[in-house]
Amino acid sequence: MQIRELPDYPFEPKRIDIRPGIGLSYLDEGPRDGEVVVMLHGNPSWSYYWRHLVLGLRDRYRCIVPDHVGMGLSDKPDDAAYRYTLQSRVDDLDTLLDRLGIQGPVTLAVHDWGGMIGMGWAMGHAERVKRWVVLNTAMFTLPEAKPMPWQLSLGRDSKLGALLIRGFNAFSGGASYFGVQRRMPAAVRRAYVAPYDSWRNRIATLRFIQDIPLRDGDPAWALVAAGGRALPSFADRPAFLGWGLRDFVFDRHCLDGFARAWPQAETHAFDDADHYVLEDKHEVLVPAIRRFLERHPLSSTSAN
């Protein structure tokens, strides 16, 4: 994949060994002394998802945007070399920020699985999380009123689903078509799916789905349930909720969960946007997020 050919991605990704022999790619854009905004993508995207927000903030803010192991430009080890679990993702984020010397306050911008990765980290560093930017995600177990979408059940629990995801790139390819209301240009769609060009390179897109916790005893259940319990404790932090209401996974049930826990949050919900809400609405969301950050400078935020 030629980085310079990716639309709206004029960045020079950096790399570190996040674990012995496993390289993690990340963006580190903006002034070193700027307020830090950590952007966490989900599945099946990568740091490319955040490109418009990085471009809209990097003149003033330091934007840290990792590609999770197995995703984007990071290494894609097999199961023998890496345990593809939520806890591994949280640990990797902690390692990355520590290696970069980021020990002070941060803003967490999260989407999809990035929400629970961010909350998993935030629970151990609550005093450092000063603001939230939350886009189509969840930080709690599946709401009782929300059934598990059959498309995810197929990938999570069946051999056929696993074959479709790893053999035919059904999840990444499908999301690039059905995760938006505004059709992606062909070059943008190619950029989304480019990292997942072989059976080997699609391991993380499947493992993320298989890690979805549905019941006590599932590997990620305890951490996600703890996130749900911790969510109200962050209600005193400024929070921005940006939501595509056409998302069949992180739908209004999930948005309502955040609204109940964070009643003071600033909410922007769109009837004509889908899961990749930054693709559908970046012209609106990027300036709105910047205004939100400017209205809530770190000097005026609080944390217990």
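Look up a bit, the structure's there.
Model, not experiment: these values are computed from the prediction.

Draft legend 1. Local environment of the packing of helix α5 (residues 159-168) against helix α8 (residues 203-210). In the contact formed by α5 and α8, the axes pass within 8 Å of each other and the chain directions differ by 150°. Classified by the interaxial angle, the pair formed by α5 and α8 is roughly antiparallel. Our pair here, α5 against α8, has a crossing hand that is right-handed. For the pair α5 and α8, the contacting residues are A162, I165 and R166 in the first and I203, T205, L206, R207 and I209 in the second.

Draft legend 2. Representation of the packing of helix α4 (residues 150-157) against α5. Between α4 and α5, the least distance of the axes is 5 Å, while the angle of their chain directions is 95°. In terms of axis orientation, α4 runs roughly perpendicular to α5. Packed against α4, whose contacting residues are L154, G155 and D157, the element α5 presents K159, L160, G161, A162, L164 and I165 at the interface. A per-class count over the contact of α4 with α5 returns 5 nonpolar, 2 polar and 2 charged.

Draft legend 3. Fine view of the sheet that holds strand β7 (residues 239-244). Strand order in the open sheet formed by 8 strands is β1-β2-β4-β3-β5-β6-β7-β8, with mixed pairing between adjacent strands. Only two strands of the sheet have a single neighbouring strand rather than two, namely β1 (14-19) and β8 (266-270). With strand direction ignored, the average angle separating the axes of adjacent strands in the sheet is 20°. When strand β3 (residues 36-40) meets strand β5 (residues 106-112), the two strands line up parallel, connected through 5 bridges. Bridge assignment links V36 to a residue of β5, and that residue is V106. With respect to the sheet, helix α3 (residues 113-122) is in contact with β3, β5 and β6 (129-137), its orientation differing from that of β5 by roughly 145°. Most of the contacts of helix α11 (residues 277-295) go to β7, to which it runs at about 170°, and overall it touches β3, β5, β6, β7 and β8.

Calculation notes
Residues numbered from 1 in each chain as written. Predicted model: local features only at pLDDT ≥ 70, side-chain atom pairs only at ≥ 80, totals over all residues. Heavy atoms only, no water. Axes fitted to C-alpha atoms, helices over the stretch in contact; angles between N-to-C directions. Helix = DSSP H or I, 4+ residues; strand = E, 2+ residues; numbered from the N terminus. Parallel < 35°, antiparallel > 145°, perpendicular 65-115°, else oblique. Left-handed = near helix turned anticlockwise from the far one by under 90°. Contact = heavy atoms within 4.5 Å. Nonpolar A, V, L, I, M, F, W, Y, C, P; charged D, E, K, R; others polar. Pairing = 2+ DSSP bridges.

Geometric values such as these leave the question of function open.
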